[in-house]
Amino acid sequence: MASLSEEVLLVVKRVRQRKQDGTLYLMAERIAWGPEGKDRFTVSHLYADIRCQKISPDGKAKIQLQLVLHTGESTTFHFANESTALKDRDATKELLQQLLPKFKKKANKELEEKNRMLQEDPVLFQLYKDLVVSQVISAEEFWANRLSLSSVEHSISNNNKQEVGISAAFLADIRPQTDGCNGLRYNLTTDIIESIFRTYPTVKQKYSENVPHNMTEKEFWTRFFQSHYFHRDRISTGLQDIFSECAKQDEKGLKSMVTQGVKNPMVDLLSLEDKTLDEGYGTATVPTTSNSSNKSLRENSNSAIIKRFNHHSAMVLAAGLLCVIFRDAPSDQASETSSTDGNSRDSDFFQPPLKKVKLQEAIEYDDLQGDSGRKTISLNLKKSDRYSHGPTPLQSQHYTTSQDIITSISIIQHEMRSYKPRLTQVMSSSAASSAIIALSPGGVLMQGGAQQTINQLVPTDVQSELKHLYMAAGELLRHFWSCFPVSTPFLEEKVVKMKSNLEKFQVTKLRPFQEKIQRQYLSTNLTGHLEEMLQAAYNKFQAWQTRRMMRKT
Amino acid sequence: MKLNIEGLLVYFPYDYIYPEQYSYMLELKRTLDAKGHGVLEMPSGTGKTISLLSLIVAYQKAYPLEVTKLVYCSRTVPEIEKVVEELRKLMDYYAKQTGVKNDFLALALSSRKNLCIHPEVSSLRFGKEVDGKCHSLTASYIRAQHHSNPSQPVCQFFEEFDAVGRQVPIPPGIYNLDDLKDFGRRKGWCPYFLARYAILHANIVVYSYHYLLDPKIADLVSKELAKKSVVVFDEAHNIDNVCIDSMSVNITRRTLDRCQTNVETLQNTISRIKETDAAKLREEYRRLVEGLKEANVARETDIYLSNPVLPDEILQEAVPGSIRTAEHFVGFIKRFLEYLKARLRIHHVVQESAPQFLKDIYEKVCIDRKPLRFCAERLRSLLRTLEIADIADFSAITLISHFATLVSTYSKGFTIIIEPFEDRTPTIANPVLHFSCMDPSIAIKPVFGRFQSVIITSGTLSPLDIYPRILDFRPVTMASFTMTLARTCLCPLIVGRGNDQVAMTSKFETREDFAVIRNYGNLLLEMSAIVPDGIVAFFTSYIYMENIVASWYEQGILENIQRNKLIFIETQDAAETSMALEKYQEACENGRGAILLSVARGKVSEGIDFVHHFGRAVIMFGVPYVYTQSRILKARLEYLRDQFQIRENDFLTFDAMRHAAQCVGRAIRGKTDYGLMIFADKRYARADKRGKLPRWIQEHLTDGSLNLTIDETVQLSKHFLRQMAQPFRRVTTRTFLSLFNDLNQA
């Protein structure tokens with residue numbers, strides 16, 4: 001077998017693929033199938049490549065499982081073991097269900113991360129184009145030490161901060177489909193389940209209470225959809241229904257949200273009116289006190305729908321905020337309490353300032369205001385000393401105070417005032433003149449000035465090409481030099497490969513460039529340094545190789 | 001900046017001024033000069049309040065003897081607080097410009113619930129409870145008892161105020177509700193009574209309508225305000241309803257039952273007092289004979305609700321003999337109660353006038369008109385004599401006594417309707433007696449008569465001429481100002497048809513039509529996909545909204561909307577709606593976007609602003625006609641036709657359009673704001689409806705946007721939104737404003 005070291009999680013015998021009997025293996029990172037009697041896999045997919053799995057409906061004669069890949073291809077397995085086919089299939093499905101999301105996330109994250117890096121960094125992008133697209137080195141090699149695993153993880157944890165909120169219409173996305181034989185089928189994805197859990201923590205609680213021991217997952221969701229809880233006009237929730245409790249808790253949550261009142265005094269309808277008419281005065285019809293008896297069933301269900309929408313929206317909103325607040329400690333307890341009461345009540349203590357702010361906002365007419373210029377933020381320094389001195393090393397206990405500085409300045413000033421040049425002890429005139437020559441344009445120390453002419457000598461497109469070449473070469477050389485000291489067989493392999501890469505680079509990139517500048521009658525000296533660098537690398541390689549040979553013999 | 005308004009130096013706390021503000025001040029000044037009343041309409045968000053305050057304050061400073069006080073009435077508590085904050089800004093500007101310390105006293109007054117600082121009392125949630133509890137701690141006899149028996153709890157804040165608060169005037173300054181509370185806490189004085197006392201000598205008072213319009217409260221609070229005051233009713237588009245509400249009474253069977261228990265309690269208390277302290281009752285009797293009434297001990301804390309009729313209708317004579325003794329009065333009330341009970345035991349609707357009712361009551365149970373008129377007064381006296389602490393418990397009997405007084409005082413402008421059941425549920429007996437005021441001018445008349453200038457102003461007062469007619473007064477100025485805009489930041493569109501060409505309307509005959517409901521749904525769905533942040537949609541009534549939401553739900557429209565935005569819906573429960581509102585704003589803030597389904601004439605449509613991203617589009621589903629089958633409304637329409645020559649249809653359309661304008665106006669609160677106004681009913685396109693919209697909306701309603709389909713609406717909206725989303729160049733407004741301002745600098 002190809003890699004025995006892999007951990008095999010599940011082996012299912014008698015699985016057909018393309019009318020061929022065989023065995024299905026689920027490994028730690030891939031799923032594979034080999035025909036019977038042969039010791040190699042004809043089918044092998046990394047989990048990361050699989051987009052989703054599909055299973056045949058329960059009633060079907062053939063029990064199948066289909067894997068759809070990101071590329072759009074699909075592979076179908078037929079479980080042919082008569083007695084245990086269904087069980088086998090379900091076991092496979094369950095395991096895949098657990099495995100796939102992990103890899104999916106990882107794969108996507110990695111891709112995203114790479115994409116992001118390339119987009120953010122044009123230099124890197126150019127390098128990528130030079131090296132990978134022109135196939136000097138492979139993509140894996142390119143990314144190998146750019147994208148350390150930690151950075152991915154880091155970005156994942158970063159992404160957690162900004163978790164995607166829940167679509168308000170997630171329940172609408174679960175469209176029931178008729179399956180032909182008088183039943184309804186709901187397609188649930190992990191995303192939807194997650195959304196349900198996040199929005200309705202009570203359902204999650206029920207799930208964790210019931211699912212492993214009392215019923216299967218499927219049964220749970222069937223009940224969920226059957227329950228009036230899902231159907232929004234929940235008027236008569238039977239007592240036997242496990243979700244009736246959820247409904248009640250939701251009701252309670254809504255009530256507590258309502259009784260808490262609102263923080264913004266400008267939207268508090270209760271305190272809007274200053275002096276309400278006493279009961280019995282006014283022309284408005286008296287609100288009937290006995291609501292339930294008076295209202296028809298239909299009206300009741302209508303108002304229940306309205307209530308539900310308000311609650312649903314509030315929960316979705318709260319769930320969106322939740323992941324920001326409770327990112328670090330997403331324990332069930334915390335999320336539950338915070339989402340049932342929606343918002344934490346500020347005490348009255350905070351109210352006046354908020355009110356003041358809101359009032360001020362409401363009466364501003366900024367287009368009538370004069371141009372007071374941009375508002376500047378005044379610098380608020382606790383210790384102005386530290387600001388004007390900058391950080392001082394902690395070890396030295398001696399701080400220069402501004403007083404010290406002032407005194408020292410005055411001392412220097414004083415000294416300057418009393419400065420008298422000692423004319424006899426200066427340097428000789430010849431030395432002085434040579435120094436002046438060295439420092440004037442064209443002098444030894446001003447060589448840099450002459451080199452700037454390269455700007456004018458070489459056309460810009462050649463310049464930028466040269467830059468790219470330098471960058472690419474630098475990258476390759478970095479890879480090369482990072483292999484030394486060659487201590488492991490892997491590095492050995494790599495250093496050989498890098499050497500050949502360098503040679504390939506020289507042939508495919510550097511040579512054409514050299515020819516090009518020769519054609520344009522520019523000084524070939526331009527690539528001299530590049531060649532030197534490459535030569536140095538070859539020399540090193542040569543030295544290393546001879547040494548290795550010597551050691552071997 | 002300093003402005004010269006026809007010779008009056010006005011300090012305006014901004015560097016620039018909108019042209020309409022300038023003309024507003026001009027009109028206002030003319031009104032004040034003429035010492036008359038005015039009706040002024042100016043769009044919301046153009047700085048109406050600050051213009052008003054600037055001018056009136058300047059006027060007060062210039063002619064301190066002509067205008068002594070400004071009484072500013074607004075509708076909601078946040079509005080009141082906003083006004084005071086604007087005032088504070090103005091006063092700060094004055095102080096900065098003139099260098100003189102502000103010598104004005106301006107304060108807000110609100111109910112005890114918003115002003116109480118007593119730790120126990122203020123923790124109560126409902127206004128009525130707070131009032132009741134306060135009364136039980138501050139009533140004069142409670143305090144008298146406290147003298148003899150120190151364990152009797154009293155409110156130390158009130159005691160402190162009573163002891164020293166009246167001698168030391170509150171220092172000049174601007175006091176908002178919170179400032180009053182702070183001040184009260186610092187001094188240990190009760191802020192509520194302090195404010196009530198201070199309004200007598202304050203230069204500016206800001207409070208709600210009821211303190212002036214409801215005779216029961218106005219008599220207590222605003223009785224002694226000087227005649228030379230300027231009264232401003234802001235947001236006054238609904239003022240007629242406030243007037244009517246303050247004079248109307250509803251009596252249900254439950255009220256009568258509770259009244260029955262009240263009567264029994266009274267009876268027991270009387271018999272108990274008779275055994276222990278008969279002298280007290282005799283004393284009361286003697287007082288009533290002499291017609292001394294309240295005068296001797298009319299303490300502010302004792303009275304919870306004053307006489308429900310207007311001051312000049314109260315009889316200035318002694319209480320008639322038949323109800324002078326306590327037992328007789330209780331017997332009298334009992335008889336009245338039994339009569340009412342009998343009247344409520346009917347199976348068909350009865351409508352009669354006040355004289356008819358009096359005649360009937362005289363024939364059936366021999367109750368005369370005169371003792372009925374004294375009912376409220378007499379009950380008040382009795383309750384005080386009996387030293388009943390918790391007045392709130394006696395609300396039922398107070399209500400009945402008020403009804404008695406009202407029905408026997410007014411022979412015109414009121415109607416009595418007894419309905420045995422609600423129209424929607426004819427099988428369930430729920431008899432109600434409506435004693436309904438039909439003439440808003442009755443309640444507001446004393447205000448017009450008493451104060452030299454009354455200004456009625458709002459963002460939506462169109463058509464202007466109807467207010468003077470229904471309120472029965474003669475204004476010296478009537479003006480409607482439009483909004484000068486550097487960019488057209490409002491976009492009114494009338495959607496008349498769906499994409500299937502089916503007319504969209506909330507007309508009664510077709511409103512339940514499947515196609516109409518679907519088209520409404522599609523409109524909302526399409527808009528939810530293109531409008532950023534918040535959308536507010538208004539329905540004509542709560543029941544209609546419930547039905548539509550249910551059928552949208554069944555048709556899956558709501559689910560599709562949810563893909564774009566979160567949905568929040570107004571409910572009949574205020575607390576629940578507040579929560580939904582807050583969540584709605586939260587969703588708009590964090591970028592998710594949300595839709596608020598709400599009801600015209602509801603609390604949201606009246607009191608909540610949807611500034612900037614909180615309302616980028618307002619959709620008005622249908623024309624918000626009032627429920628026309630209501631008998632009260634029919635009676636009122638009839639009365640309006642007979643008395644004021646206003647045709648039913650005119651009034652109904654006027655009423656519907658002012659509410660529609662209110663709803664859509666919620667989205668535009670300033671010139672930097674922008675929003676779509678979508679009228680989803682083909683009837684809006686008609687000239688009689690369109691003509692009743694405020695001028696500032698009408699102006700932007702082009703002929704091309706009168707009868708659009710949903711698709712066309714979406715196209716126009718997209719275009720508008722894209723244009724508006726461009727950064728707003730202040731420079732253009734600036735140059736425009738400066739040009740204007742240079743001309744008018746003082």
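Given the structure is predicted, the values throughout are model-derived calculations rather than measurements. (Residues numbered from 1 in each chain as written. Chains lettered and ligands numbered in written order. Predicted model: local features only at pLDDT ≥ 70, side-chain atom pairs only at ≥ 80, totals over all residues. Heavy atoms only, no water.)

## Considerations on the overall build of chain A
Looking only at helices and strands, chain A features 21 helices and nine strands. Across chain A, every contact between residues at least 6 apart in sequence was considered, and the portion connecting residues at least 24 apart equals 52%. (Helix = DSSP H or I, 4+ residues; strand = E, 2+ residues; numbered from the N terminus. Contact = heavy atoms within 4.5 Å.)

## Some thoughts on the overall build of chain B
Secondary structure assignment for chain B yields 31 helices and 20 strands. A compact globule built from 746 residues should have a C-alpha radius of gyration of about 27 Å, and chain B, at 28 Å, falls within 12% of that. Taken along the three principal axes of its C-alpha coordinates, chain B extends 85 × 70 × 50 Å. (Rg over C-alpha atoms; globule rule 2.2 N^0.38 Å.)

## Observations regarding the UniProt feature "domain: Helicase ATP-binding" (unreviewed entry) in chain B
UniProt marks residues 7–285 of chain B with the feature "domain: Helicase ATP-binding" (unreviewed entry), using the numbering shown here. Taken end to end, residues 7–285 of chain B comprises 57% helix and 13% strand; its first and last C-alpha atoms sit 61 Å apart. (UniProt positions renumbered as here; feature names shortened; annotations may be inferred.)

## Let's talk about the pairing of strand β3 (residues 30–35) of chain A
Residues and elements named next belong to chain A. Burial runs high along β3: six of the six residues are buried. The alternating pattern of β3 places Arg 30, Ala 32 and Gly 34 on one face and Ile 31, Trp 33 and Pro 35 on the opposite face, and all of these are buried. Pairing geometry for strand β2 (residues 20–27) and β3, over five bridges, is antiparallel. Bridged to Leu 24 within β3 is Trp 33. Note that β3 and strand β4 (residues 43–46) share four bridges and pair antiparallel. Residue Arg 30 lies in a different strand from β4, and its bridge partner there is Leu 46. (Buried < 20%, exposed > 50% of the residue type's maximum accessible area, 1.4 Å probe, protein only. Pairing = 2+ DSSP bridges.)

## Observations concerning the pattern of salt bridges
Residues and elements named next belong to chain B. Counted by the stated rule, this structure contains 50 salt bridges over all chains. Here Arg 343 ties to Asp 360 by a salt bridge, and the two come within 3.1 Å at their closest N and O atoms. Pair noted here: Arg 343 is in helix α14 (residues 326–344) and Asp 360 is in helix α15 (residues 354–365), with a separation of 17 residues, a long-range link. Salt bridges linked by common partners bring Asp 240, Arg 601, Arg 636, Asp 655 and Arg 658 together as one network. (Salt bridge = Lys/Arg side-chain N within 4 Å of Asp/Glu carboxyl O.)

## Focus: the interface of chain B and chain A
Each partner contributes to the interface: chain B provides 102 residues, whereas chain A provides 72 residues. Buried area between chain B and chain A, summed over both chains or domains, comes out near 7,800 Å², and the portion from carbon and sulfur atoms is 55%. The largest per-residue losses of area from chain B upon contact with chain A belong to Tyr 553, Gln 562 and Glu 582 of chain B, which jointly make up 8% of the total buried on that side. At the junction of chain B and chain A, the tally comes to zero salt bridges. At the junction of chain B with chain A, the criterion picks out six residue pairs in polar contact (both at pLDDT 80 or more). For the side of chain B that touches chain A, the leading source of residues is helix α24 (residues 574–589) of chain B, giving 13 residues. Across the side of chain B that touches chain A, the residue classes tally to 35 nonpolar, 30 polar and 37 charged. (Buried area = accessible area lost by both parts, 1.4 Å probe. Polar contact = N/O pair within 3.5 Å; in protein donor to acceptor, adjacent residues only side chain to side chain. Nonpolar A, V, L, I, M, F, W, Y, C, P; charged D, E, K, R; others polar.)

## Here's the deal with the nonpolar core
Residue and element names in this part refer to chain B. Grouped together as the largest cluster of nonpolar side chains are 184 residues, with contacts concentrated most on Tyr 207, Phe 233, Ile 239, Leu 266, Phe 403 and Ile 456. For this core, the leading source of residues is α14, giving ten residues. If we skip the residues at most four places from it in the chain, Leu 266 touches Val 330, Leu 379, Leu 382, Leu 383, Leu 386, Ile 388, Phe 394 and Ile 397. With 111 residues, the next largest nonpolar core counts Leu 490, Leu 525, Tyr 544 and Ala 594 among its residues. (Core = buried A, V, L, I, M, F, W, Y, C linked by side-chain atoms within 4.5 Å.)

## Describing the sheet that holds strand β7 (residues 74–79) of chain A
Residues and elements named next belong to chain A. Read from one edge of the open sheet, seven strands run β4-β3-β2-β1-β7-β6-β5, paired in antiparallel fashion. Since the sheet does not close on itself, it has two edges, and those belong to β4 and β5 (50–55), each with one partner. Along the sheet, successive strands turn relative to each other by an average axial angle of 25°, direction set aside. (Axes fitted to C-alpha atoms, helices over the stretch in contact; angles between N-to-C directions.)

## Quick look at the packing of aromatic side chains
Residue and element names in this part refer to chain B. Scanning the entire structure with this criterion turns up 38 aromatic pairs over all chains. Each ring, one from Tyr 674 and one from Phe 720, has its centre 6.4 Å from the other, and the planes form 75°; the classification is edge-to-face. Residue Tyr 674 is located in the loop between α27 (648–665) and β20 (675–680), and its partner Phe 720 is located in helix α30 (residues 710–724); the two are separated by 46 residues in the primary sequence. This pair shows no difference in class: Tyr 674 is buried, exactly as Phe 720 is. Joined through ring pairs, the aromatic side chains of Phe 336, Tyr 339, Phe 357, Phe 403, Tyr 410, Phe 414 and Phe 435 make up one cluster. A cation over an aromatic ring shows up here: Lys 61 above the ring of Phe 104, its NZ or CZ 4.7 Å from the ring centre. The lysine or arginine in question, Arg 616, covers the ring of Tyr 674, its NZ or CZ lying 3.8 Å from the ring centre. (Phe/Tyr/Trp six-rings, centres within 6.5 Å; stacked < 30°, edge-to-face > 60°. Lys NZ or Arg CZ within 6 Å of the ring centre and 35° of its normal.)

## What to know about a nonpolar patch on the surface
All names here are of chain A. A surface patch of nonpolar side chains, about 370 Å² in accessible area, is lined by Ile 412, Met 416 and Tyr 419. Looking at the element boundaries, Met 416 is found in helix α15 (residues 402–417). For Met 416, a relative accessible area of 55% puts it in the exposed group. (Patch = residues over 30% accessible without salt bridge, like charges linked within 9 Å, V, L, I, M, F, W, Y side chains within 5 Å. Areas by Shrake-Rupley, 256 points an atom, 1.4 Å probe, with all protein chains shown as cover.)

## Section: the pairing of strand β19 (residues 617–621) of chain B
Residues and elements named next belong to chain B. Extensive coverage of β19 is indicated by the burial of five of its five residues. The sheet contact formed by strand β16 (residues 534–539) and β19 spans four bridges and is parallel. Within β19, the position partnered with Val 536 by the bridge is Val 618. Across five bridges, β19 lies against β20 in parallel orientation. Bridge pairing in β20 links Phe 621 to Ala 680.

## Description of the packing of helix α13 (residues 253–289) of chain B against helix α18 (residues 395–409) of chain B
Pairs of packed helices are described in terms of their axes, by the angle between the two and the distance that separates them. Residues and elements named next belong to chain B. With their axes 7 Å apart at the nearest point, α13 and α18 run at an angle of 105° to one another. Looking at the two axes, α13 sits roughly perpendicular to α18. Facing α13, whose interface residues are Thr 255, Leu 256, Arg 258, Cys 259, Asn 262, Val 263 and Leu 266, α18 presents Ser 395, Ala 396, Ile 397, Leu 399 and Ile 400. Counted by class, the contact of α13 with α18 contains eight nonpolar, three polar and one charged residues. (Parallel < 35°, antiparallel > 145°, perpendicular 65-115°, else oblique.)

## Regarding the side chain of Ser 441 of chain B
Residues and elements named next belong to chain B. Mapped onto the fold, Ser 441 is located in helix α19 (residues 440–450). Overall, the relative accessible area of 6% leaves Ser 441 in the buried class. Ignoring sequence-local partners within four residues, the contact set of Ser 441 consists of Ile 470, Leu 471, Asp 472 and Phe 644.

## Overview of helix α7 (residues 156–165) of chain B
Residue and element names in this part refer to chain B. Regarding α7, the residues found buried are Phe 157, Phe 158, Phe 161 and Gly 165. Seen from one end, α7 has its buried residues packed into an arc of 95°, which puts them on one side. Summarising the contacts, the buried residues of α7 are in contact with α5 (127–138), α6 (140–148) and α9 (191–198). (Arc of directions from axis to C-beta.)

## Considering the sheet that holds strand β12 (residues 429–437) of chain B
All names here are of chain B. The strand order across the open sheet formed by four strands is β9-β12-β11-β10, and the pairing between neighbours is antiparallel. At either margin of the open sheet sits one strand with a lone partner, and together these are β9 (249–252) and β10 (350–352). Across the sheet, the mean angle from the axis of one strand to that of its neighbour is 10°, orientation sign disregarded. Note: β9 against β12, four bridges, orientation antiparallel. Bridge pairing in β12 places Thr 252 opposite Val 432. Sheet strands in contact with α18 are β9, β11 (414–421) and β12, and its direction is about 130° off that of β9.

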